[in-house]
Amino acid sequence: MAIYEETLKKQREYFRTGATLPIEFRKRMLIKLKDELRKREDDIIRALGEDLGKSDFEAYATEIGIVYGEISYLVKHISSFMRKKKVPSPITIFKATSYTIREPLGNVLIMSPWNYPFQLTMVPLAGAIAGGNTAIVKPSRYSKATSKLMKEIIESLFPPEYIAAFEGGHETNTALLEGKYDLIFFTGSPNVGKIVAAKAAETLTPTVLELGGKSPVFVDESADIKLTARRLAWGKFLNAGQTCVAPDYVLCSRSTAKPLIEALKEEAGKMFSSTPLGSDDLPKIINERHFERIKGLIASSAIAFGGDSDKDTRKIAPTILYPVRETDPVMQEEIFGPVLPILEYDTLSDAIDFVRNREKPLALYVFSRNRENIERIHSLCSFGGGCINDTVVHLSNPRLPFGGVGNSGMGSYHGKRSLETFTHQKSIVKEALWIDLPVRYAPFGRKIKLLRMLMR
Ligand code: NAD
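Residues numbered from 1 in each chain as written. Predicted model: local features only at pLDDT ≥ 70, side-chain atom pairs only at ≥ 80, totals over all residues. Heavy atoms only, no water.

Undergrad: What's the story with the site of the ligand in this structure? I'm lost.
TA: Near the ligand lie 26 residues; those nearest to it are Ser112, Trp114, Ser189, Leu211 and Glu334. For the ligand, an oxygen atom lies 3.1 Å from a polar atom in the side chain of lysine 138. Put simply, the parts of the chain that give the shell around the ligand at least two residues each are helix H7 (170–176), strand E6 (183–187) and helix H8 (190–202). Ranked by residue count, the leading element in the shell around the ligand is H8, at three residues. When we break the shell around the ligand down by domain, the ones giving at least three residues each are domain 1 (2–211 + 409–427) and domain 2 (216–403). (Near = heavy atom within 4 Å. Polar contact = N/O pair within 3.5 Å; in protein donor to acceptor, adjacent residues only side chain to side chain. Helix = DSSP H or I, 4+ residues; strand = E, 2+ residues; numbered from the N terminus. Domains from an automatic or database assignment.)

The following block contains the structure:
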């Protein structure tokens, strides 16, 4: 029996013992995980540096700190969330009591990408633990150092029949997907998401798909250009643009484009200096394939500033493309690099149509002081989540569910929503024994009259 099959079998048996059920057990496991991560914090920072050249600040702010916050939130809220919840009962089932009970799903598979390799593995894992599940974790093979470290940490803390981690590429992924799980939690590209969903459908396994796509930014004439440029540059160049919710492209009114580009240039210069390729704060591109792909996108549009790169360090300087046409290669795929195309619109309706004519994005950002414009964009465009006058930060609030819609994903998680995602809500009606209304039983005679009064 292959190791994956064997592990899943053992996890199934372990789950059936009921060991993962007690809330105290789940809390203990979460705390154990957090304590160990704290101890290994320097190693985690080092691994993220090795894989993606993240600075220690960025590693903490966008990966480690988010995992700590999530675990703390779950530990604090798990007891009240898992409690039975009473709901009112309709008169037709008088004198019953109705309530819901949360139960773990069982055996969960978590597959994660390389761009935030630590956070995007550990946050779902924390949700799976809090939900009372067992888990098999499969991080990306491209973020080698972080994946190896996470496997080591998981194996030092948990027995494989509870939580197991596997490294590997295509073969491992394919073999893991042969198993029958109670949930597959997948984070990655829409293309692989389709493969995962198709495989899961064979066994009616539910999936959460956290995918990506091209997330637009609207900048209208009322926007505070300086602040817009600063927050836009921050969200775009974070992790060298390799962020699922990174602003992918900007739609701005004609009068705004030039001042915005000037301001972006200034802000990027302040953040990464006039020689950004030498900046320790600018992460590198994950591998040569992506490095070449992004360079190709830059080469086929007009460059307003930036465009330099260094093959040896795999760094690409913050780059603004302008003017950009809808047909340019950079507008045909998710950029996933430090490159921001600027497109102009004549009317806000044109810009809204532009977004609505494409796949539903994971994030959408609006920079504006005009409430009417913001409301119009929000009511007409469908997207996973977003910010007004900022970028990316919506995913840092554990009280907000995080996920996509349509091509950018299905299902969501973070905080309370993770507890919902990794559990099933059972509905129970407890009937009274002292009364048994005869209306539902045959012979019905003229009981329909009474039924009509009760059910309307
Ligand atoms: P990817 O889809 O190539 O890989 C994701 C995971 O799937 C990895 O663990 C990989 O090993 C595995 N995988 C690859 N091919 C597979 C196959 N044929 N069958 C089964 N599993 C397979 O994605 P990536 O390149 O690692 O990450 C980038 C993408 O992920 C972008 O589209 C980005 O927007 C998206 N993303 C989304 C989120 C989110 O939270 N919504 C977060 C980060 C990244």
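Undergrad: I'm lost on the nonpolar core in this one. Help?
TA: In a soluble, globular protein the nonpolar side chains are often hidden away together inside. Core analysis: the largest hydrophobic core is formed by 84 residues, its most contacted members being Leu125, Leu264 and Ile342. Summarising the domain contributions, this core has at least three residues from each of domain 1 (2–211 + 409–427) and domain 2 (216–403). Leave out the neighbours within four places in its chain, and isoleucine 342 touches Val250, Cys252, Ala257, Leu260, Ile261, Leu264, Ile320, Leu321, Tyr322 and Val324. Membership of the second largest hydrophobic core comes to 29 residues, among which are Tyr249, Ile285, Ile294 and Met331. (Core = buried A, V, L, I, M, F, W, Y, C linked by side-chain atoms within 4.5 Å. Buried < 20%, exposed > 50% of the residue type's maximum accessible area, 1.4 Å probe, protein only. Contact = heavy atoms within 4.5 Å.)

Undergrad: Any chance you could explain the sheet that holds strand E18 (residues 423–430) here in plain terms?
TA: Strand pairing in a sheet relies on backbone hydrogen bonds, with the paired strands running either antiparallel or parallel. Ordered in space as E1-E2-E18, the three strands form an open sheet in which the pairing is antiparallel. Only two strands of the sheet have a single partner each, and these edge strands are strand E1 (85–87) and E18. Each adjacent strand pair in this sheet contributes to an overall mean axis angle of 30°, direction not counted. When strand E2 (residues 97–104) meets E18, the two strands line up antiparallel, connected through eight bridges. Considered in E18, the bridge of isoleucine 101 is made with lysine 426. (Pairing = 2+ DSSP bridges. Axes fitted to C-alpha atoms, helices over the stretch in contact; angles between N-to-C directions.)

Undergrad: I keep staring at the pairing of strand E4 (residues 134–138) and nothing clicks. Help me out?
TA: Regular strands place side chains that alternate from one sheet face to the opposite one. Counted residue by residue, E4 has five buried out of five residues, so it is predominantly covered. Of the two faces of E4, the one lined by Thr134, Ile136 and Lys138 and the one lined by Ala135 and Val137 are each fully buried. Direction of pairing for strand E3 (residues 107–111) relative to E4: parallel, over a ladder of five bridges. Along E4, the bridge assignment pairs asparagine 107 with threonine 134. Following the backbone out of E3, through helix H5 (residues 119–130) and into the adjacent parallel E4, one traces a crossover that is right-handed. Of the strand pairs in this sheet, E4 and strand E5 (residues 163–165) are connected by three bridges, and their pairing is parallel. Bridge assignment links valine 137 to a residue of E5, and that residue is alanine 165. With helix H6 (residues 144–157) bridging E4 and its parallel neighbour E5, the resulting β-α-β unit is right-handed. (Right-handed = clockwise from strand over helix to strand, strands pointing away.)

Undergrad: Help me out: how do you make sense of helix H9 (residues 225–237) in this one?
TA: Residues three or four positions apart in an α-helix share a direction because the helix packs 3.6 residues into each turn. For H9, spanning 13 residues, the distance from its first C-alpha to its last is 18 Å, which sits close to the expected 18 Å at 1.5 Å a residue. Among all positions in H9, only Thr228, Ala229, Leu232, Ala233, Gly235, Lys236 and Phe237 are buried. Tucked into the core, H9 has its buried residues touching strand E8 (216–219), strand E9 (249–253), helix H10 (254–272), strand E13 (319–321), strand E14 (339–345) and strand E15 (363–367). Within two residues after H9, asparagine 239 carries a phi angle of roughly 55°, on the positive side. (Expected span 1.5 Å × (residues − 1).)

Taken by themselves, the reported measurements are silent on function.
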